Amino acid sequence: MKLLNMTMDDWRSPLVLALIVLLAAQLTLALGLRLTAPKVTAFAPTMPLLPFDSAAVTRIRLDGGATAVTLQRDAANGWVIAELGDFPVAPAKVTQLLATLAGLKRTLPVATSAAALARFKLTADGYERRVILEDKHGAVATLLLGEALGFRRLVARPAADAAVYEVKLALSEMSNRREDWFDSTLLQVPLEQLARIESAEWTLVKDGAGWRFADAATPVNQEKVKSLVMRLANLTYRNVLAAADAPTDPAQPPRQFTLTLADGSQRSYRVFHLRDSADYVLQDGERPWRFQLAQDDVGELLATMKLTND
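Thresholds applied
Residues numbered from 1 in each chain as written. Predicted model: local features only at pLDDT ≥ 70, side-chain atom pairs only at ≥ 80, totals over all residues. Heavy atoms only, no water. Helix = DSSP H or I, 4+ residues; strand = E, 2+ residues; numbered from the N terminus. Buried < 20%, exposed > 50% of the residue type's maximum accessible area, 1.4 Å probe, protein only. Polar contact = N/O pair within 3.5 Å; in protein donor to acceptor, adjacent residues only side chain to side chain. Contact = heavy atoms within 4.5 Å. Expected span 1.5 Å × (residues − 1). Arc of directions from axis to C-beta. Phe/Tyr/Trp six-rings, centres within 6.5 Å; stacked < 30°, edge-to-face > 60°. Salt bridge = Lys/Arg side-chain N within 4 Å of Asp/Glu carboxyl O.

(A) Representation of the side chain of T100 within the structure. Counting through the fold element by element, T100 comes out in helix α4 (residues 91-102). In this structure T100 comes out as buried when scored by relative accessible area, which is 12%. At 2.8 Å, the side chain of T100 forms a polar contact with the backbone oxygen of Q96. If we skip the residues at most four places from it in the chain, T100 touches L169, E173 and M174.

Printed below as a string of structure tokens:
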């Protein structure tokens, strides 16, 4: 209210004029500082933690403790597991692995001391996981992974780097277990291409949208047959064994199935009971490996199925 009651003479007084000049100077100084102050932004990492060419990688070694797996690029068969007689690897899993590693960025270091490397399990002799990438000339990148700080939060460091970094990664994404890299579709066939299925007891032939026995004299239970056909077309397995690691039970004779596809190609399966185990072993006539299956995988294949309506 006092400001509203001030006269023109009051505004022209030396004290008021001095205060106005001081205020104007402060505003000018503040504006100048705002315009000239450097912009402060959050640190955005852009440098890759592991610079490498994914297309040139021909070998990936993942190890941790006594367990290790080597994934190798084969010119004829794609990616394979070297320690398992070049057993096929699921291609999408290797593609994802390389993309994940290539996408890791060099953030601000978490620590740099030798004591920190030991504490985080990131020393040359002590780590949770080590990933070695090689091309045709040798190793191109090595990453050590240590303790987890939380969900998809690991400490890591390139082997040639003394600094510790935090990365968005789970240890399971860098698995050193063979079975995590299997191509689980190896035994599967397109359901619509199955044309004939033979066992020691019966032969089924595709008949339009359904199935019939080859002799065409006995009616079949379409629901039971379709369940059997679905299981044969979508066979899965739990593990892969060498022949020496898959002894069969002589007390239980094997079951044999021959699958014929629409193009004339065939798959021959023999299913054995694994000795001293509740599991089973499947031998595919086209492949040298033994596939380990659980009871749930085998299901109706081993049961004495009545495929008729009675």
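(B) Inspection of helix α6 (residues 222-233) at higher detail. Across its 12 residues, α6 extends 16 Å between first and last C-alpha, which sits within 8% of the 16 Å expected from 1.5 Å per residue. Turning to α6, its buried residues number three or more, namely V225, L228, V229, L232 and A233. With its buried residues spanning 130° around the axis, α6 presents them on a single face. Looking at the buried positions of α6, the neighbouring elements they touch are β9 (194-198), β10 (203-207), β11 (210-213) and β13 (255-261). A side-chain oxygen of the first residue of α6 lies 3.1 Å from the backbone nitrogen of E223; this N-cap is N221.

(C) View of the packing of aromatic side chains. In this structure the tally under the stated criterion is seven aromatic pairs. Relative to Y237, the ring of F87 has its centre 6.2 Å away and its plane inclined at 85°; by these criteria the two rings are edge-to-face. Of this pair, F87 sits in strand β4 (residues 87-88) while Y237 is found in the loop between α6 and β12 (239-241), placing the two residues 150 residues apart along the sequence. F87 sits in the buried class, given a relative accessible area of 0%. When its relative accessible area of 9% is taken as the criterion, Y237 is described as buried. An angle of 65° between the planes, with centres 5.0 Å apart, marks the rings of Y237 and F291 as edge-to-face.

(D) Seen up close, the pattern of salt bridges. Per the counting criterion, the structure on display carries 13 salt bridges. The salt bridge involving E201 is made with R255; its shortest N-O contact spans 3.5 Å. Highlighted residues: E201 in the loop between β9 and β10 and R255 in strand β13, separated in sequence by 54 residues. Given a relative accessible area of 53%, E201 falls into the exposed group. A salt bridge links R287 to D284; its shortest N-O distance comes to 2.3 Å. Given a relative accessible area of 17%, R287 falls into the buried group. Look at D284 and you get buried, because its relative accessible area is 1%. Three or more residues are tied together by salt bridges with common partners; here these are R177, E179 and D180.

(E) Quick peek at the environment of G285. With respect to the secondary-structure elements, G285 resides in the loop between β15 (280-284) and β16 (290-293). Note: C-alpha distance between G285 and T258 (27 residues apart in sequence) is 9.7 Å.

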